[in-house]
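A closer look at the structure
Single-letter residue listing:
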Amino acid sequence: MWKGRFARETAELVQQFGESISYDWRLYKHDIAGSIAHARAQMKAGLLTADEFGQIESGLRSVEADIDAGKFEFKTSLEDIHMNVEAALTERIGPAGAKLHTARSRNDQVATDTRLYCRAEIDVLSAGISDLQQALLDRAEKYADTVLPAYTHLQRGQPVTVGHHLLAYVEMLDRDLGRLADCRKRLNISPLGSGALAGSTINLDREAIAAELGFDGVTRNSMDAVADRDYIAEFLFAMALCGVHLSRLSEDLILWCSAEFGFVTLSDAHTTGSSLMPQKKNPDVCEITRGKTGRLLGNLVSLLTAVKGLPLTYNRDLQEDKEPLFDSVDTLKLTLAVNAEMIAAMEIREDKCLAAASDPMLLATDLADWLVRQGVPFRQAHELVGKAVAESVKTGTPLDQLDLTTIDPAFTAEASGVFSVETALAARTNPGAPSIDNVRAEIERRK
Ligand code: ARG
């Protein structure tokens, strides 16, 4: 493509080192859509006849069909998807193909392709997140009234329901959806027409090209447009954080599957055995989800690191944006799908949850609240209940079986009324709190 200035072929090792076609071939549909829009603008500007445009369009469509069918031969010597497509076009249609690159550079071309790619994949991932939310919501509904302990510091804290616990993840995934939508909105502008870095002396109708490609507008600065990879960083961050949420869910489920907790049974279809220990049933999907989150985080850091030292405008380092991007998209897509399937099939062991939630210690805070309602300041109430807890631990008498009146006269016989999980949950009626009515209302609202 640049043979005019060079006397020697690019060295074999440099071709091997610099090629991106082995992975950026995936952009072909976006590359071809961008080229057709660009060619149409060239025709409108009088640079191509209608016939030449027709040849370019059908030539590009035939290249696309061959790639679709796996019949296209990608050449490393042509570096990337942009040059592979353009060379094949010119080979097929002759002189008209050689006009396509007028008023365009691979710098604005690659920025266009990756924006289109991100936009399409955001839509696919968003659907994947919604499917997972649906699976969580379904389980939340089935186990809306199943009480289980909630933890801080991985120590039993207060009773909640399985429904409330699962809805917490639905909230996180909502924010992930919001971040993706926000990222999509910001990235949906067309860099085409920015050229290598300073636009072109041949002015094509940028707005028309943008409209044809479904962009909401055009970039406002040609230098920024070819150098900017913020949209990929944002997308990678949104995916990384979604991965972090899935990793936390995985960790909860890994604990819940253990004999020590025993709150959940994952389907045989979503667990694996051990080659040595016959009794094992391992939550590998959760563990791999947790493990894959490392890649999602690494991909974000990889891109930020590639960009951070770059002077304006395009630098070839930017080619390193694609592999992390593709890897995160592929990783998260599969992670969401397998988790949605696994969650949809998981069964909660309600007896185990109830047994754990029946620990009267979980209601120590409710006992302090009871004292507050009798007029005791909270700090004092906290101390009195603390004494009762210490007594329970020391004597081995469960908290709900102690004679509290011997601890302090502020306690009366009515105090023992707090030791009911049902009462405790029913009292938590404020917005966002886990009363069963609240949880059910939230499930209905979401449905
Ligand atoms: N394959 C390149 C990339 O991914 C396309 C842009 C090349 N531009 C250039 N000036 N060499 O970034």
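These numbers were taken from a predicted model, which means no experiment stands behind them.

Here we come to the pairing of strand β2 (residues 155-161). Relative to β2, strand β1 (residues 147-152) is paired through six bridges, and the arrangement is antiparallel. When the sheet's bridge partners are listed, Thr152 is paired in β2 with Gln155. With antiparallel pairing between neighbouring strands as the criterion, β1 and β2 make up a hairpin whose turn holds two residues, including His153 at a positive phi of roughly 55 degrees.

Along its 17 residues, helix α3 (residues 28-44) runs 24 Å from first to last C-alpha, staying within 8% of the 24 Å computed at 1.5 Å per residue. In terms of burial, α3 is a largely internal element, twelve of the 17 residues being buried. Buried residues of α3: Tyr28, His30, Asp31, Ile32, Gly34, Ser35, Ile36, Ala37, His38, Ala39, Ala41 and Gln42, and no others. Lining the buried residues of α3 we find α2 (21-24), α4 (50-68), α5 (81-93), α6 (106-142) and α8 (206-212).

By the secondary structure assignment, Thr146 is in the loop between α6 and β1. Among the polar contacts listed, one links the side chain of Thr146 to the side chain of Glu350, at a separation of 2.8 Å. Not counting residues within four places of it along the chain, the set of residues in contact with Thr146 comprises Val160, Thr161, Val162, Ile348, Glu350 and Cys353.

On to the nonpolar core. Among the nonpolar cores identified, the biggest contains 84 residues, and Ile56, Leu136, Phe235, Leu325 and Ile343 are the most heavily contacted of them. Looking at which element gives the most residues to this core, the answer is helix α10 (residues 230-257), with 14 residues. Ranked by size, the runner-up nonpolar core spans 19 residues in total, among them Val376, Ala381, Phe411 and Ala415.

Another aspect to go through is the site of the ligand. By nearness alone, every residue bordering the ligand is listed as Ser20, Asp80, His82, Arg106, Asn107, Val110, Tyr314, Gln319 and Lys322. Asp80 is positioned such that a nitrogen or oxygen atom in its side chain is 3.0 Å from a nitrogen atom of the ligand. Note that an oxygen atom of the ligand is positioned 2.4 Å from one of the side-chain N or O atoms of Tyr314. Sorting elements by how many residues they give to the shell around the ligand places α6 first, with three residues. Tallied by class, residues from the shell around the ligand come to two nonpolar, four polar and three charged.

Further remarks concern unusual backbone geometry. With an omega of 5 degrees, the peptide bond between Leu312 and Thr313 qualifies as cis. Tracing the backbone through its elements, the reader meets Thr313 in the loop between α11 (284-308) and α12 (322-345). For His153, which is not a glycine, the phi torsion comes out positive at approximately 55 degrees. By relative accessible area, His153 is classed as exposed at 74%. The phi angle at Leu154 is positive, at roughly 55 degrees, despite the residue not being glycine. With respect to the helices, strands and loops of the structure, Leu154 is situated in the loop between β1 and β2.

One pass over the structure, following the stated rule, counts seven aromatic pairs. Ring centres of Trp256 and Phe263 lie 6.0 Å apart, and the angle between their planes is 65 degrees; on these two criteria the pair is classed as edge-to-face. Through pairs of rings, three or more aromatic residues link up here, namely Trp25, Tyr28, Phe72 and Phe74. The ring of Phe6 carries the charged tip of Arg5 above its face, separated from the ring centre by 5.7 Å. Stacked on the ring of Tyr231, the Lys or Arg Arg115 has its end atom at 4.2 Å from the ring centre.

Now for the environment of His382. Tracing the backbone through its elements, the reader meets His382 in helix α15 (residues 378-395). Using a relative accessible area of 45% as the deciding quantity, one classes His382 as partly exposed. Along the backbone, His382 and Glu207 are 175 residues apart, and their C-alpha atoms lie at a distance of 66 Å.

Remark: α10 packs on α11, axes separated minimally by 8 Å, with the N-to-C direction vectors making an angle of 160 degrees. In terms of orientation, α10 lies roughly antiparallel with respect to α11. Our pair here, α10 against α11, has a crossing hand that is left-handed. Residues of the contact of α10 with α11, tallied by class, amount to 16 nonpolar, six polar and three charged.

Conventions and cut-offs
- Residues numbered from 1 in each chain as written.
- Predicted model: local features only at pLDDT ≥ 70, side-chain atom pairs only at ≥ 80, totals over all residues.
- Heavy atoms only, no water.
- Pairing = 2+ DSSP bridges.
- Helix = DSSP H or I, 4+ residues; strand = E, 2+ residues; numbered from the N terminus.
- Expected span 1.5 Å × (residues − 1).
- Buried < 20%, exposed > 50% of the residue type's maximum accessible area, 1.4 Å probe, protein only.
- Contact = heavy atoms within 4.5 Å.
- Polar contact = N/O pair within 3.5 Å; in protein donor to acceptor, adjacent residues only side chain to side chain.
- Core = buried A, V, L, I, M, F, W, Y, C linked by side-chain atoms within 4.5 Å.
- Near = heavy atom within 4 Å.
- Nonpolar A, V, L, I, M, F, W, Y, C, P; charged D, E, K, R; others polar.
- Phe/Tyr/Trp six-rings, centres within 6.5 Å; stacked < 30°, edge-to-face > 60°.
- Lys NZ or Arg CZ within 6 Å of the ring centre and 35° of its normal.
- Axes fitted to C-alpha atoms, helices over the stretch in contact; angles between N-to-C directions.
- Parallel < 35°, antiparallel > 145°, perpendicular 65-115°, else oblique.
- Left-handed = near helix turned anticlockwise from the far one by under 90°.

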